[in-house]
Amino acid sequence: MQTFSRKTLLLGAIFALLCLNLEAKTYATIDGKPAVTDKDFEIIKQANPNFNYAKLSDQEKDMVINELLMRQLIIKAAKQDKLDTSKEYTQALEAIKEQMLVEMWQKKQADGIQVPSMNDAQLRKIYQENEGMFINQEGKARHILVKTEEEAKDIIKELDKASKGKVEAKFIELANEKSIDPASKQQKNGGDLGVFQRSVMHPDFSKAAFDLKPGTYTKEPVQTPFGYHVIYLERKSEPKVIPYNEAKKGIEESIKMQNLQNGMMQKLQALREKAKITITK
């Protein structure tokens, strides 16, 4: 009886799956074959998890069906042109597969990395020691980026010579001429950084920029991992301190991310050490 019962359950499960497949509702056909079924809605759900076909208006439903129909028509035409066997297609498919492997490996490693928990006292200490990072403040500035401190000091000397009222114009001229920042070089935008939040910039850059009065520039070069900056501040808003209770979650996430990155780097370094690598230039 036990053996019979298991077989019955197994057959019942298979039958149920077959019924589900048979019951997939068809919304449109092409040449008599199902072209749009409710399974195709999963494509939309991947981009929009809140998508629910049943809750759409009739007009919206028509738009969705026609969009999916067009997709199927294109796929059919592409296959008729044998694009799915082309070199370009197979190379692109291989690249997608490799990227998926990279992402799956990274997720697997991240899931195995132990992230130490921190108590409230430890988090509060980090907050207190980095108060400058927990300020909401908006600024608009320009900068000139160069490789050496000497170059930055020479630029500051040239700005010092500019007459009052012409400092910004001189700054724009020097930025277009000397800055190694890619945007400045390509767009000749005078080193314009646009409007930015204090928290998004490198801490040393932010401190130097927001310590300035609008219409003034840094009198000493500002070093970051990118090089040496001369900064001109156009304007800034009043600073608003982010309370600890609001900053706490961000601190925890930042520590978690830092631990994950460090753990991942260690795993990557272990892979390099095990492999025999030769680099040719």
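All values reported here derive from a predicted model rather than from experimental measurement.

Parameters and conventions
Residues take numbers from 1 onward in each chain, read along the sequence in its written order. Where local features are concerned, this predicted model is filtered to residues with pLDDT of at least 70; where side-chain atom pairs are given and counted, the filter is 80 or more; whole-chain, interface and lining totals use all residues. Side-chain descriptors were evaluated using all non-hydrogen atoms of the structure, hydrogens and water having been removed beforehand. Labels follow the DSSP assignment, with helices taken as runs of H or I lasting at least four residues and strands as runs of E lasting at least two, numbered in each case from the N terminus. Computation of the radius of gyration draws on C-alpha atoms, with the globule rule given as 2.2 Å multiplied by the number of residues to the power 0.38. Exposure categories follow from relative accessible area, calculated using a 1.4 Å probe and restricted to protein chains: below 20% of the type maximum is buried, above 50% is exposed, and the middle band is partly exposed. Surface exposure here means Shrake-Rupley accessible area, sampled with a 1.4 Å probe, where a residue is shielded only by the protein chains that are shown. Side-chain rings of Phe, Tyr and Trp, where Trp is taken by its six-membered ring, are said to pair if the distance between their centres is within 6.5 Å; with planes under 30 degrees apart they count as stacked, over 60 as edge-to-face, and otherwise as tilted. Segmentation of the chain into domains, including their bounds, is taken from an automatic or database domain assignment. The contact criterion used is simple: two residues touch if any of their non-hydrogen atoms lie within 4.5 Å. As a working definition, buried area equals the accessible area (1.4 Å probe) given up by two parts on being put together, with both sides summed. Residues qualify for a patch when their relative accessible area is over 30% and they have no salt bridge, like charges being joined within 9 Å and the nonpolar side chains of Val, Leu, Ile, Met, Phe, Trp and Tyr within 5 Å. By definition, a salt bridge exists where a carboxyl oxygen of Asp or Glu is found within 4 Å of a side-chain nitrogen of Lys or Arg. Here an angle of 0 to 180 degrees is reported between the N-to-C directions of two axes, which are lines fitted to C-alpha atoms, with helices fitted over the stretch in contact. Any angle from 65 to 115 degrees is called roughly perpendicular, while one under 35 is roughly parallel, one over 145 is roughly antiparallel, and all others are oblique. Classes in brief: Ala, Val, Leu, Ile, Met, Phe, Trp, Tyr, Cys and Pro nonpolar; Asp, Glu, Lys and Arg charged; the others, Gly included, polar. Only buried residues count toward a nonpolar core, which is a set of Ala, Val, Leu, Ile, Met, Phe, Trp, Tyr and Cys residues joined through side-chain atoms within 4.5 Å.

Caption draft 1: Representation of the overall build of the protein. Regarding its fold elements, the protein presents 10 helices and nine strands. In terms of overall size, the protein is more extended than a compact globule, its C-alpha atoms giving a radius of gyration of 30 Å where 281 residues would be expected to give roughly 19 Å. Principal-axis analysis of the C-alpha atoms gives the protein an extent of 95 × 55 × 50 Å. Split into buried and exposed, the 281 residues of the protein put 25% on the buried side. When the accessible surface of the protein is summed, it comes to about 20900 Å², and 54% of that surface belongs to carbon and sulfur atoms.

Caption draft 2: Seen up close, the packing of aromatic side chains. The tally for this structure, following the rule as stated, stands at eight aromatic pairs. Centre to centre, the rings of Tyr27 and Tyr53 are 5.1 Å apart; their planes meet at 70°, and the pair counts as edge-to-face. Of this pair, Tyr27 sits in strand S1 (residues 26-30) while Tyr53 sits in the loop between helix H2 (41-47) and helix H3 (58-80); the two residues are 26 residues apart in sequence, bridging distant segments of the chain. Judged by its relative accessible area of 13%, Tyr53 is buried. Geometrically, the ring pair formed by Phe196 and Phe210 is edge-to-face, given 5.9 Å between the ring centres and 80° between the ring planes. On the criterion of sequence distance, the pair formed by Phe196 in strand S5 (residues 192-197) and Phe210 in helix H9 (residues 203-211) is long-range, its members being 14 residues apart. Here Phe196 matches Phe210 in class, with each residue buried. Members of the aromatic cluster, connected to one another through ring pairs, are Tyr27, Phe41, Phe51 and Tyr53.

Caption draft 3: Structural detail: the domain arrangement of the protein. In terms of domains, the protein is made up of domain 1 (26-110), domain 2 (114-134 + 242-261) and domain 3 (135-241). Measuring from the centre of the C-alpha atoms in domain 2 to the corresponding centre in domain 3 gives 29 Å. Contacts between domain 2 and domain 3 engage seven residues on the former and six residues on the latter. Regarding the contact of domain 2 and domain 3, the summed buried area is about 430 Å², with carbon and sulfur atoms giving 51% of it. When the buried surface of domain 2 facing domain 3 is broken down by residue, Gly132, Met133 and Ile242 rank first, second and third, together holding 71% of it.

Caption draft 4: Main features of a nonpolar patch on the surface. A grouping of Tyr89, Leu93, Ile96, Met100 and Met104 is seen on the molecular surface, where their side chains present a nonpolar patch of about 490 Å² in accessible area. Its place among the elements puts Met100 in helix H4 (residues 87-112).

Caption draft 5: Fine view of the packing of helix H5 (residues 120-129) against helix H10 (residues 244-274). Relative orientation of the contacting elements H5 and H10 amounts to 100°, with a least axis distance of 10 Å. By the angle class used here, H5 and H10 are roughly perpendicular. Contacts between H5 and H10 pair Asp120, Leu123, Arg124, Ile126 and Tyr127 from the former with Tyr244, Ala247, Lys248, Ile251, Glu252 and Ile255 from the latter. Across the contact of H5 with H10, the residue classes tally to seven nonpolar, no polar and four charged.

Caption draft 6: Spotlight on the environment of His229. You can see His229 is positioned in strand S8 (residues 227-236). For His229, a relative accessible area of 4% translates into the label buried. His229 sits 200 residues away from Thr29 along the chain, and the two C-alpha atoms are 62 Å apart. If sequence neighbours within four positions are ignored, His229 has contacts with His143, Ile144, Leu145, Phe205, Thr218, Glu220, Pro221, Val222 and Thr224.

Caption draft 7: Fine view of the nonpolar core. Counting residues in each nonpolar core, the largest one holds 14 residues, and the members touching the most others are Ile144, Val146, Ile155, Leu159, Phe171, Tyr217 and Val230. Secondary structure elements with two or more residues in this core: strand S4 (138-146), helix H6 (149-161), helix H7 (167-178) and S8. Excluding anything up to four places from it in sequence, Leu159 contacts Val167, Lys170, Phe171, Leu174, Tyr217 and Val230. Ranked by size, the runner-up nonpolar core spans 11 residues in total, among them Ile30, Val36, Phe41 and Leu68.

Caption draft 8: Inspection of the environment of Asp120 at higher detail. Along the chain, Asp120 falls in helix H5. Residue class for Asp120 comes out partly exposed when judged on its relative accessible area of 34%. Linking Asp120 and Met201, residues 81 residues apart in sequence, is a C-alpha distance of 27 Å. Other than its neighbours up to four places away in sequence, Asp120 contacts Tyr244 and Lys248.

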